[in-house]
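Given next are the chains, with one letter for each unit.
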Amino acid sequence: EQHQQEDPASVAGPVERGYDWLGQWTPMTHEPALPVGTGTGLVYDERMCQHHSLTDETHPESPMRIKAIYNMLVEKKLAERCVRVQPREATIEEICSVHGESYRQIVQAIDRLGENPLKALERVYDSIYLNKKSGIAAKISAGCTMEIVTQVVQGKLRNGVAVVRPPGHHAEQHSSKGFCFFNNVAIAAKIAVEKLNVKRVLIVDWDIHHGNGTQHMFEDDKRVFYFSIHRYDHGRFYPGSTDGGPKETGLHPAQGYNMNVGWNGGGMGDGDYIGLFHQLLLPVAYEFAPQLILISAGFDSARGDPLGGCDISPAGFAHMTHSLMAMAQGKVVLVLEGGYDLSAISHSFAACTAVLLGDPPQMIGRVFSSKRANRAIQDTKRYHAPYWTCCSHAGSDRNQFPLPDTNDFGGDEDEEEDDEDFSPSGQQPREGDEDEDVGEDGEMGKISS
């Protein structure tokens, strides 16, 4: 007897929207398509560069990050091919969709504080620096993200890129954290489902640090699927919490809508990330059927980043972006998070922008995922087996397609164990070190959670 879905919901449900356990297709609700626009939007505002450290000129989260990216887009003649989006500040309603009003007022008041109160407020939060322009920069960063997402959803643009700072994915409901003040992507996702008639949003966070703030804001909301790929190091890598582990699948009624793949060590490259996309992210995303895809694009996982210790090339990021464009009617918005090597972030961001403009991604040669990567992927699959059909055979599918021997490609004969650090420094983050642990988006700051 053919399986029938009695009351199809407009919100996707794990297992229920794909093949059921008998291999029969469960029909999904036919939903009206959102309008599809043309052109790739670009939003950037120099005023965000006014947020800078008053005491540390070498701080990694510097204004040069977005300046270098924008200059690269101009140099490669990508900016002139984009549709310029007018920057703006986020409204009170937008900010308070995910943040508390009392916290918003604290950020709002930053421009009225003197030097000593600013320093005192810095000490309240984890890995934050302040000047009088920090609050306005945070509002512009969130507002620019919200504006370009709105235009993509409304069909004024096909896709878009947001060259913004300060970043957002560590910001919690009531506090700043890890260089982040307002959670830009979370605000955009929440407004999209609350005000813009979007039923399902997929957030793909490939920043090297787990987006603790984004996860906490949506872990009980099945309208937003949060997928994070990050260094975990058994909970020792910033933000230094087991919240980024594979066991965290979401809270009732949204179990299965939070998915973490945590690398236990550095050195992960193109093959590992592309393998992860094809083994896990894309199959789950097609089951979820998003209407909008937001990329929390941290490029501290890029080759050459001083804090991430991973090895993704610009072409690798381009392939990852390209694979997401087939879904959600192409409604993909890439929003800058971390990334601290100016050459790496500018070339990587430009490669992703070119793909969104319609250029094919550069060839990267023959790639495959490492044994360490596959172990992390299988761990996540096992915890999500009750929720998604593509994960339901996680224990048995690992031998279905045998992995190539790394020696065939000149790889190491014996891969290191999961907890080996492959970062350039060869040093693991130290537990209990409150002064020098790697902070967001690479910051050098205390780990308080």
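All values reported here derive from a predicted model rather than from experimental measurement.

(A) View of the packing of aromatic side chains. Applying the stated rule across the entire model yields 14 aromatic pairs. Ring centres 5.9 Å apart and planes at 85 degrees place the aromatic pair F179 and Y340 in the edge-to-face group. Of the two residues, F179 is situated in the loop between β3 (159-162) and α6 (184-195) and Y340 in the loop between β8 (332-336) and α10 (342-356); the sequence distance between them amounts to 161 residues. Given the relative accessible area of 3%, F179 is considered buried. On the basis of relative accessible area, Y340 is assigned to the buried category, the value being 8%. For the ring pair W263 and Y273, a centre distance of 5.5 Å and an interplane angle of 75 degrees mean the geometry is edge-to-face. Of the two residues, W263 sits in strand β6 (residues 258-263) while Y273 sits in helix α8 (residues 270-288), which places them 10 residues apart along the sequence.

(B) Highlighting the environment of I110. Relative to the elements of secondary structure, I110 occurs in the loop between α3 (101-108) and α4 (115-124). Once the C-alpha coordinates of I110 and I136 are considered, the two residues, 26 residues apart in sequence, prove to be 8.6 Å apart. Excluding residues within four positions of it along the chain, I110 makes contact with L118, L121, L130, N131, K132, S134, G135 and F181.

(C) Inspection of unusual backbone geometry at higher detail. In the segment running from R165 into P166, the intervening peptide bond is cis, with an omega of 0 degrees. Structurally, the position occupied by P166 is in the loop between β3 and α6. The omega torsion of the bond from Y238 to P239 falls at 10 degrees, within 30 degrees of zero and hence cis. Mapped onto the elements, P239 comes out in the loop between β5 (224-231) and β6. We note that S127 has phi near 60 degrees; this positive angle belongs to a residue other than glycine.

(D) Here's a closer look at the pattern of salt bridges. One pass over the full model with this rule turns up 16 salt bridges. One salt bridge connects E61 with R65, and the closest N-O pair in it is separated by 2.7 Å. A relative accessible area of 1% places E61 in the buried class. Judged by relative accessible area, which is 0%, R65 ranks as buried. Across the pair D379 and R382 runs a salt bridge whose closest N-O atoms are separated by 2.5 Å. Of this pair, D379 and R382 both sit in helix α11 (residues 371-384), 3 residues apart, roughly one helical turn. Overall, the relative accessible area of 28% leaves D379 in the partly exposed class. Each of E61, R65 and R165 takes part in salt bridges that share partners, so that together they form one network.

(E) Local environment of the sheet that holds strand β1 (residues 40-43). Spatial ordering of the open sheet is given by β2-β1-β3-β8-β7-β4-β5-β6, a layout of 8 strands whose pairing is parallel. On the outer flanks of this sheet lie β2 (83-84) and β6, each paired with one strand and no other. Of the pairings in the sheet, the one linking β1 to β2 comprises 2 bridges and is parallel in character. Along β2, the bridge assignment pairs L42 with R84.

(F) Broad picture of α10. Along its 15 residues, α10 runs 21 Å from first to last C-alpha, staying within 8% of the 21 Å computed at 1.5 Å per residue. Tucked inside the fold, the buried residues of α10 contact β1, α1 (64-75), β3, α9 (314-324) and β8. Of the residues flanking the end of α10, it is G358, one or two places downstream, whose phi is positive at about 110 degrees.

(G) Examining the pairing of β5 more closely. Of all 8 residues that make up β5, 8 are buried, and the element is covered over most of its length. Of the two faces of β5, the one carrying V224, Y226, S228 and H230 and the one carrying F225, F227, I229 and R231 are both buried. Sheet analysis places strand β4 (residues 201-205) next to β5, joined by 5 bridges and oriented parallel. By the bridge assignment for β5, L202 is matched with F225. Crossover connection from β4 via helix α7 (residues 212-218) to parallel β5: handedness right-handed.

Definitions and cut-offs
Residues numbered from 1 in each chain as written. Predicted model: local features only at pLDDT ≥ 70, side-chain atom pairs only at ≥ 80, totals over all residues. Heavy atoms only, no water. Phe/Tyr/Trp six-rings, centres within 6.5 Å; stacked < 30°, edge-to-face > 60°. Helix = DSSP H or I, 4+ residues; strand = E, 2+ residues; numbered from the N terminus. Buried < 20%, exposed > 50% of the residue type's maximum accessible area, 1.4 Å probe, protein only. Contact = heavy atoms within 4.5 Å. Salt bridge = Lys/Arg side-chain N within 4 Å of Asp/Glu carboxyl O. Pairing = 2+ DSSP bridges. Expected span 1.5 Å × (residues − 1). Right-handed = clockwise from strand over helix to strand, strands pointing away.

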